[in-house]
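Summary of the model geometry
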Amino acid sequence: MTFPGLLRTHHRGGGSLNRMILLSGVLHLVALVLLMVLGPVSAPTRLTFGPVYSVSLVSMADTALNASPAADLTRDVLGAVRQDRSTVLRKEPDILPKRKNDPTPRQTDLDRTIEELRRKVAQTERAAPARPDMTARLSTPSGGMSDSDLNRRMGVYYAVLWNRIRSQWALPADLTRGQALEAVVHARILRSGEITGLEFEKRSGNRFFDESVLRAMQKAAPFPPLPEWIPDRMIDVGIRFHSSQLKR
Amino acid sequence: MREPLRHGAKGGFPLAVLLLCLLLLVPVPVLARVYLDIDSPAFQKFPFAVADFQPRAGGPGTEGLSAGLADRLGRYLDVTGFFNVISRKAFLEDPRKAGILPGTFRFSDWSAIGADYLVKGSFRIAGPDLDIEARLFDVVRGEVLLARGYTGRKDRPEELLRRLASDILQVLTGEGGVFDTKIAFQVKSKGRADLYTILFDGTERKRLTSHQSVLYAPRWSPDGRSLAFTSLRDGNPDLYIHDLATGRTRKIMDYPGLNLAGSWSPDGRRLLVTLSKDGNEEIYLLDMSSYQVRRLTVNFSIDVSPAWSPDGRKIAFVSNRAGSPQIYVMDADGGGARRLTLEGSYNTSPSWSPRGRRLAFEGMSGGRFQIFTIEEDGSNLLQLTFDRDDNESPTWSPDGRYIVYSSRGGGGKLHIMNVNGTNVRTLVEGGAASPVWSPRPK
């Protein structure tokens, strides 16, 4: 009964619908032109959808403690609140030890090569169970930073998150009774590092497991503030907790 | 009827597609959701703090009790294997300034030292009584999880603290503790032994018998009131029952040859025994009211060490019918026997988990006996001990969370471990053997 009624409404409004679409199109076009003219001139935007990367990292316990190249980045991430915010990006080459050691103009090529190697390694090592596995899908951001650069830096930030959350996760093995459990939570991390919208995407079905996962998130927060080179106001992360290594 | 719709779509659709394409070309930096995988918790124990108990009224006998009660509660929590009790040396809070009620202290003082949970309590001594009030706090959320008072004799504060510890365990793990359960065992000295009991936490050791003889296989009745065991006191391995309430021991079976207690039925009315009166060792069912026996296994090989499943439907036992001693499972009426252990040349002493699906046993591994557990269907074999001593006689706690076993190292020790093989602690040293865990007191 309601179906013909709906159709009749469309029938009467057929002509005006066409006009409305046309009007909407013109308005959109105007808005688009305005956006392009008044948009950020300083930051050249690249009109690509960007490649999909898989970033695989080793435990932050290593990267944070050893004086590896990533350690400097970690410091960069952890100490994101700086006195002089405007010069951060320009200072960067000094912060990154790789560039300090080898300041060649072909840096981006080198980065790309490293990234490619890393991607290959990531693909071959995906099966390794002992490592934290992270998959990041980023679209190309603005801001003049190369994809690999941003991916690498995001990877470091994610590794800090991973390490923080894992180090707060406490759960006696007996409470899972030897079951293989998985719970997935997601949260948004604000620029300040605080989390909001902590929610279960998937519960494990074991209330002790789920409770321990929430506690780990709550204890780990607030996280370090989002570094300036992260283009968004907030980032959205999901964390999959597994009990695969809990023996009965 | 559909014509107007198609007409409407004709003009608007290409334009809409064009607009959509244009919109898509505007780069909007969006970081899609990233997933991080965390494969295992960093800690298998809850970080736990016990603040010193505060006296509600001063007076004689309260000195030292503040720290004493807290320390003792901390020890009880520690032996459960569920908690990492934080040393008071790490505490930030000034106990003279902080209260014990919510709002009178700062949770941040406790979260800063890594505590997930906190117990604060107060006490009062009134005549012969000790009155304890305790609160369990969730430090992360700033909530009260438990608030309870306990009253008892002031010379036995441990009873109150055991109840408190059990209540804490109930709240945080869904099951109370086994603080009020005992482990029976024998202590051997120069070939002579007697039966003893000790509490789960290693306190209140008591001697039960004065046989000064060779003993075997003590077995608790399901109500925890009596222990069946075999003694050579009169020259033959006869079967005895010790009544814990009266302290009396009586002989109930003295067939020629072996009279060995196996396992009580879950209802306590029958006892599985091993007798050799008919030739070789076979498993029999003893009715505890009529003392009649019924033979369950008929075999030319040896059948010993029967253990009832918690539901009373199956019996695990040891047989050498395939050449080497192995563990078998049969129906409660003696039929349908199948071999459970397929690995190893010597597997014995089966004990059924009160949770029902798993069995513990001792098995030869690398020339030593070690403790194993296995699923009732023979899957998921797990070795729990790996040291260089012979580890024997595993039995489960009534909540199925722990296993007590004996070790021949150091002249005979008893150890308790969590069922995943972690958190091993020594319960008794010096000639101890044949441990068996009591049911919960009823």
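Residues numbered from 1 in each chain as written. Chains lettered and ligands numbered in written order. Predicted model: local features only at pLDDT ≥ 70, side-chain atom pairs only at ≥ 80, totals over all residues. Heavy atoms only, no water.

Let's shift gears to the overall build of chain A. When its secondary structure is counted, chain A shows nine helices and four strands. Secondary structure elements of chain A occur, N-terminal to C-terminal, as α-α-α-α-α-α-α-β-α-β-β-α-β. Looking at the 248 residues of chain A, the share that counts as buried comes to 41%. Here the contacts in chain A between residues at least 6 apart in sequence split such that 75% fall between residues at least 24 apart. On chain A, roughly 13,900 Å² of surface is accessible, and the fraction owed to carbon and sulfur atoms is 58%. (Helix = DSSP H or I, 4+ residues; strand = E, 2+ residues; numbered from the N terminus. Buried < 20%, exposed > 50% of the residue type's maximum accessible area, 1.4 Å probe, protein only. Contact = heavy atoms within 4.5 Å. Areas by Shrake-Rupley, 256 points an atom, 1.4 Å probe, with all protein chains shown as cover.)

A count of helices and strands for chain B gives four helices and 31 strands. A compact globule built from 442 residues should have a C-alpha radius of gyration of about 22 Å, whereas chain B, at 30 Å, is more than 25% larger. Taking all 442 residues of chain B together, the buried fraction comes to 51%. Partitioning the contacts of chain B with sequence separation of at least 6, the portion at a separation of at least 24 is 40%. Accessible area for chain B stands at about 19,700 Å²; split by element, carbon and sulfur atoms hold 51% of it. Positive and negative side-chain charges of chain B, numbering 57 and 50 respectively, have mean locations separated by a distance of 1 Å. (Rg over C-alpha atoms; globule rule 2.2 N^0.38 Å. Lys, Arg positive; Asp, Glu negative; His and termini not counted. Charge placed at Lys NZ, Arg CZ, Asp CG, Glu CD.)

Moving on, we get to the confidence of the model for chain A. Per-residue pLDDT for chain A averages 65, and the proportion of residues at 70 or more is 47%. Within the model, the stretch residues 80–105 of chain A combines pLDDT values under 50 with 30 contacts to residues more than four positions away or in other chains. (pLDDT = per-residue confidence, 0-100.)

To continue, consider the environment of serine 353 of chain B. Residues and elements named next belong to chain B. Relative to the helices and strands, serine 353 resides in the loop between strand 23 (347–352) and strand 24 (358–365). Setting aside residues no more than four positions away along its own chain, serine 353 makes contact with Pro310, Arg358, Trp396 and Gly400. Here arginine 355 takes part through its backbone nitrogen, which lies 3.0 Å from a polar atom of the side chain of serine 353. (Polar contact = N/O pair within 3.5 Å; in protein donor to acceptor, adjacent residues only side chain to side chain.)

The next subject is the pairing of strand 2 (residues 182–190) of chain A. Residues and elements named next belong to chain A. Judged from the nine bridges that link them, strand 2 and strand 4 (residues 234–242) form a sheet pairing that is antiparallel. Among the inter-strand pairings, valine 184 is bridged to a residue of strand 4, identified as arginine 240. Of the pairings in the sheet, the one linking strand 2 to strand 3 (residues 195–202) comprises five bridges and is antiparallel in character. Its bridge partner being in strand 3, valine 185 is matched across the sheet by phenylalanine 200. Connecting strand 2 to the antiparallel partner strand 3 that follows it, the hairpin turn spans four residues, and glycine 193 within it adopts a positive phi of roughly 95°. (Pairing = 2+ DSSP bridges.)

It is worth spelling out the sheet that holds strand 11 (residues 215–220) of chain B at this point. Residue and element names in this part refer to chain B. Taken in spatial order, the four strands make up an open sheet running 11-12-13-14, and their pairing is antiparallel. Each edge of the open sheet is held by one strand with a lone partner, namely strand 11 and strand 14 (249–253). Recorded for the sheet is a direction-independent mean angle of 25° between the axes of neighbouring strands. Looking at chain direction, strand 12 (residues 226–231) and strand 13 (residues 238–243) are connected through six bridges and run antiparallel. Of the residues in strand 13, the one forming a bridge with serine 231 is aspartate 238. (Axes fitted to C-alpha atoms, helices over the stretch in contact; angles between N-to-C directions.)

To continue, consider the nonpolar core. In terms of nonpolar packing, the biggest core is built from 79 residues, with Phe241 of chain A together with Phe48, Phe53, Leu73 and Ile168 of chain B touching the most fellow members. In contact with phenylalanine 53 of chain B, not counting residues within four places along its chain, are Ser66, Leu69, Ala70, Leu73, Val119, Gly121, Ser122, Phe123, Ile132, Leu161 and Leu164 of chain B. Grouped together as the second largest cluster of nonpolar side chains are 13 residues, Ala261, Trp264, Leu286 and Met288 of chain B included. (Core = buried A, V, L, I, M, F, W, Y, C linked by side-chain atoms within 4.5 Å.)

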